[in-house]
Amino acid sequence: RRYDVVHSWIALQHAVAPLQAVFMQQMCDVLKSGGKGLLQIPFFTPVRSSCDLDKSIQKGGMQMHYTPMDEIRHAFESRGCRVSVKNLGSRMARHRFALVNFSRP
């Protein structure tokens, strides 16, 4: 299936960075020609760590992960999408977020 629009808002940061890249590539892959996408994702958090499910269960809440801006661009461009990444700055607890617009030519 192909779609005119795909988006993700405040979701991907809860997956580890390698999975974030796969999800971004898949978002590009499912766009129709001329389709557009929008994504909000952190490009920096104070600590980059591996997923620790036991710690999350003990402490409660969700873990935050990020993908650096150059890797965000590469994930989309490697699949043939045009991409624009805008730094939204710090929105919560020192995490820095990006607004990603992408399209399939």
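Model, not experiment: these values are computed from the prediction. (Residues numbered from 1 in each chain as written. Predicted model: local features only at pLDDT ≥ 70, side-chain atom pairs only at ≥ 80, totals over all residues. Heavy atoms only, no water.)

A. Quick peek at the overall build of the chain. A tally of helices and strands in the chain yields 3 helices and 4 strands. Element order for the chain, N to C, with α for helix and β for strand: β-α-β-α-α-β-β. Relative to its 105 residues, the chain shows a buried fraction of 41%. A separation of at least 24 residues holds for 67% of the contacts in the chain among residues at least 6 apart in sequence. Surface accessibility of the chain: about 6,400 Å² in total, with carbon and sulfur atoms responsible for 54%. (Helix = DSSP H or I, 4+ residues; strand = E, 2+ residues; numbered from the N terminus. Buried < 20%, exposed > 50% of the residue type's maximum accessible area, 1.4 Å probe, protein only. Contact = heavy atoms within 4.5 Å. Areas by Shrake-Rupley, 256 points an atom, 1.4 Å probe, with all protein chains shown as cover.)

B. Expanded view of the side chain of Gln25. With respect to the helices and strands, Gln25 occurs in helix 1 (residues 17–29). Apart from the residues lying within four places of it in its own chain, the contact partners of Gln25 are Ala75, Ser78 and Arg79.

C. Summary view of the state of the cysteines. All told, the structure shown has 1 disulfide when counted by the stated rule. Disulfide partner of Cys28: Cys81, at an S-S distance of 2.0 Å. Taking the sign of the S-S torsion, 105 degrees for the link of Cys28 and Cys81, the bridge is right-handed. Here Cys28 is found in helix 1, whereas its partner Cys81 is found in the loop between helix 3 (69–77) and strand 3 (82–92), with 53 residues between them in sequence. (Disulfide = S-S within 2.5 Å.)

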